[in-house]
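Here are the chains, one letter per residue:
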Amino acid sequence: MTPRVLVVEGLKAGYGDRVVLRGVSLSVKRGEKVVIMGPSGSGKSTLLKCIVRLVEPWAGRIVLDGEEVTSNSADLRRIRAKTGFVFQQYNLFPHMTVLRNLTLPLEVVKKLPKKEAERKALKLLRMLGLEEFAHKYPLQLSGGQQQRVAIARALAMDPVLLLLDEPTSALDPELRYEVLETLFEIARQGRSMLIVTHELDFAEAAADRLILLDNGVVIEEGDPWEMIHNPRTERTKRFLVKIMRKSISA
Amino acid sequence: MEWAFFIISIIPDLIKGLLTTLEISVTSFIMGLALAVMLAPARIFAPRPISLIARGYIELLRGTPLLVQLLLIYFGLPSVGIKLDAYTACILAIGLNSAAYQAEILRGAMKSIPETQFLAAESLGMSTAQAYRYVVLPQALRVAIPALVNEFVTLIKESSLASVIGVVELTRRGEYLVAYTFRALEVYVAVALIYFVVCALASQATRILEKKLMIPGYERGVT
Ligand SMILES: Nc1ncnc2c1ncn2[C@@H]1O[C@H](COP(=O)(O)OP(=O)(O)O)[C@@H](O)[C@H]1O
Ligand SMILES: [Mg+2]
């Protein structure tokens, strides 16, 4: 098995005639935590979606866990079933209980028997301190709780790679903390993660690598602490200052 | 006063007719819903030939009078060897017709479900069919409740067309009563009143159903 769980080479993508990604290359090693930062509109969400082909890439190659995602014969459902995707807006299924949100994909995608799916889901909810919400509905929970449930739903699939798209940015500052704590916990367990976030604390303390994306290209990549404290280019510096100002004012 | 006694005296007879009306309405509504649940996604998700067929079906049935469809099924089909009794023919005609309207209601409701719900289902590895069945449809049906109840009320009224081919439902019962009492005014007033009461009660179902099926937490207005 390759030590790299994800390889992206020369990825180009966009919408209609609007080019968004102009040749992005990156990789994630097994167990590695990689943070992506970049200005709004730089193509971060598009990049994550391309990795599981929720957006169709125009060109380039994506290999996930040894499987070529970009091949015409790729089994997309199996590839998606072994990655976890966490959205900025949680996207839980509001008409199902928290427990059902976790067991449904286990039953219909992973084909687990109902009992086993429930056992697994409850174990995970317990681990993330969400057990008391198992029989509640998503809209009865706070945003932070909903996002933790969404993380639990993604983890339930035993993903080889967890993709998270700004998991804390829809939340009020006081609710971000509980989600961050959950993310730290998962990072500690050694799960491979590719996470778009502007949380500098997380990038510094939990990430192995930081990638800066701007206007559809990777402009800098390296050790998070180094990049944040000794940015090499003016552009990086300006960008980081902008983020810091935002996270202070938020 | 005499007319009041007369109306009361014909009520039991009319109630019998009403039961047939309700049988026809409920059966054809359920048939319509079952078809609509397949037609609406066929129009949206299916590959081109199938979605065109679904669309053609919907437009054809909405673009021609129900009475003509009924006559076609009852009097027309026998000449290609399909002979149906009047009761079956009218359930079939009304059901097929209502399917087209319900499919459009459902399609509208599906459009109101955020695209992100579909995306989330797909991101978990669900097929389009699974995403529709477990995620989009249950939410769309809730959104569609008022329009579907409205369609059911319309259908109760339209089921009076069954009288044309001799099904003895509420309207036809009324015609019989007029034929041997010659009191058209009182009889048809009574018939109209019964339709009115039943439709008013059915409309009430909207509120009850909506309340019963409301997504918990939704009342807070969070999306
Ligand atoms: N579904 C879409 N259709 C058309 N344009 C889109 C769509 N999604 C995103 N875009 C555009 O693509 C660009 C990149 O978007 P996105 O990947 O969401 O950026 P980011 O996540 O970095 O803010 C933006 O200009 C956005 O307006
Ligand atoms: Mg984004």
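Residues numbered from 1 in each chain as written. Chains lettered and ligands numbered in written order. Predicted model: local features only at pLDDT ≥ 70, side-chain atom pairs only at ≥ 80, totals over all residues. Heavy atoms only, no water.

1. Focus: the site of ligand 1
Residue and element names in this part refer to chain A. Cut-off, in case you're wondering: When we say a residue is near a molecule or strand, we mean one of its heavy atoms is within 4 Å of it. Between N or O atoms, a polar contact is any pair within 3.5 Å; within protein, one atom must be a potential hydrogen donor and the other a potential acceptor, and residues adjacent in sequence are included only when both atoms are from side chains. Per-residue accessibility takes into account occlusion by the displayed protein chains alone, with areas from the Shrake-Rupley method and a 1.4 Å probe.
Near ligand 1 the following residues occur: Y15, R18, V20, P39, S40, G41, S42, G43, K44, S45 and T46. Within the side chain of R18, an N or O atom sits 2.5 Å from an oxygen atom of ligand 1. Here an oxygen atom of ligand 1 and a side-chain polar atom of S45 are 2.7 Å apart. Notes on ligand 1: free accessible area 560 Å², of which the protein chains cover 60%.

2. Remarks on the pattern of salt bridges
Put simply, the test is: Salt bridges are counted wherever a side-chain nitrogen of Lys or Arg sits within 4 Å of a carboxyl oxygen of Asp or Glu. Note on classification: 1.4 Å probe, protein chains only; a residue is buried when its accessible area is under 20% of the maximum for its type, exposed when over 50%, partly exposed between these limits. Secondary structure counts use DSSP, requiring at least four H or I residues in a row for a helix and at least two E residues in a row for a strand, with both numbered from the N terminus.
Tallied over the entire structure, the rule returns 30 salt bridges over all chains. R61 of chain A is the partner of E68 of chain A in a salt bridge, and the nearest nitrogen-oxygen pair spans 3.1 Å. We classify R61 of chain A as partly exposed; its relative accessible area is 36%. Between D13 of chain B and R173 of chain B there is a salt bridge, with the nearest N and O atoms lying 3.9 Å from each other. Of this pair, D13 of chain B sits in helix α1 (residues 2–45) while R173 of chain B sits in helix α7 (residues 170–181), placing them 160 residues apart in sequence. The exposure class assigned to R173 of chain B is partly exposed, which follows from its relative accessible area of 22%. Here the residues in one salt-bridge network are R30, D65, E67, D75, R78 and K82 of chain A, joined through shared partners.

3. Quick look at the environment of R245 of chain A
As for its position among the elements, R245 of chain A is in helix α9 (residues 234–249). It is 33 Å that separates the C-alpha atoms of R245 of chain A and R153 of chain A, two residues lying 92 residues apart in sequence.

4. Some words on a nonpolar patch on the surface
Put simply, the rule is: Patches draw on residues past 30% relative accessible area with no salt bridge. Two like charges within 9 Å are joined, as are two nonpolar side chains (Val, Leu, Ile, Met, Phe, Trp, Tyr) within 5 Å.
On the surface, a nonpolar cluster with roughly 340 Å² of combined accessible area is contributed by L67, L71, F75 and V164 of chain B. Taking the relative accessible area as the measure of exposure, L67 of chain B reaches 31% and is therefore partly exposed.

5. Side note on the layout of surface pockets
All names here are of chain B. The condition is simple: Cavities and pockets are found on a 1 Å grid laid over the protein atoms alone: a cavity is a set of points where a 1.4 Å probe fits but cannot escape, a pocket is an open set with protein on both sides within 12 Å along at least five of seven lines, and a lining residue has an atom within 4 Å of such a point. Grid points are joined across faces, edges and corners, and a volume is the space filled by probe spheres set on the points. In this classification, Asp, Glu, Lys and Arg are treated as charged, Ala, Val, Leu, Ile, Met, Phe, Trp, Tyr, Cys and Pro as nonpolar, and every other residue, Gly included, as polar.
Of the pockets and cavities examined, the second largest pocket occupies roughly 260 Å³. Contributions of two or more residues to the lining of the second largest pocket are made by α1, α6 (128–158) and α8 (184–213). Considering every element that reaches the lining of the second largest pocket, the biggest residue donor is α6, with seven residues. Residues belonging to the lining of the second largest pocket are distributed by class as follows: twelve nonpolar, no polar and one charged.

6. Re the interface of chain A and chain B
Let me state the cut-off plainly: Here a residue-residue contact requires only that any non-hydrogen atoms of the pair lie within 4.5 Å. Once two parts are put together, the accessible area they lose, assessed with a 1.4 Å probe and summed over both, is termed the buried area.
Contact with chain A, which involves 25 residues of that partner, is made by 24 residues of chain B. For the chain A face of the interface with chain B, the top three residues by lost area are F93, H95 and L139 of chain A, together amounting to 29%. Between R80 of chain A and E122 of chain B there is a salt bridge, and its shortest N-O distance comes to 3.9 Å. Remark: the boundary between chain A and chain B carries five residue pairs in polar contact (both at pLDDT 80 or more).

7. Some thoughts on the environment of V5 of chain A
All names here are of chain A. Structurally, the position occupied by V5 is in strand β1 (residues 4–15). Taking the relative accessible area as the measure of exposure, V5 reaches 0% and is therefore buried. When the C-alpha positions of V5 and E107 are compared, they lie 26 Å apart, and in sequence the two are 102 residues distant.

8. A few points about the sheet that holds strand β4 (residues 59–64) of chain A
Within a sheet, neighbouring strands are paired by backbone hydrogen bonds and run either parallel or antiparallel to one another. All names here are of chain A. As a reminder of what qualifies: Strands qualify as paired when DSSP identifies two bridges or more between them. To define axes, lines are fitted to C-alpha atoms, for helices over the stretch in contact only, and angles between the resulting N-to-C directions are given on a 0 to 180 degree scale.
Spatially, four strands are ordered β2-β1-β4-β5 in an open sheet, and the strand pairing comes out antiparallel. Looking at the sheet topology across the chains shown, the edges are occupied by β2 (18–29) and β5 (67–68). Pairing of β4 with β5, which is carried by two bridges, proceeds in the antiparallel orientation. If you follow L64 over to β5, its bridge partner there is E67. Packed on one face of the sheet, helix α1 (residues 44–51) meets β1, β2 and β4 and runs near 120 degrees to β1.

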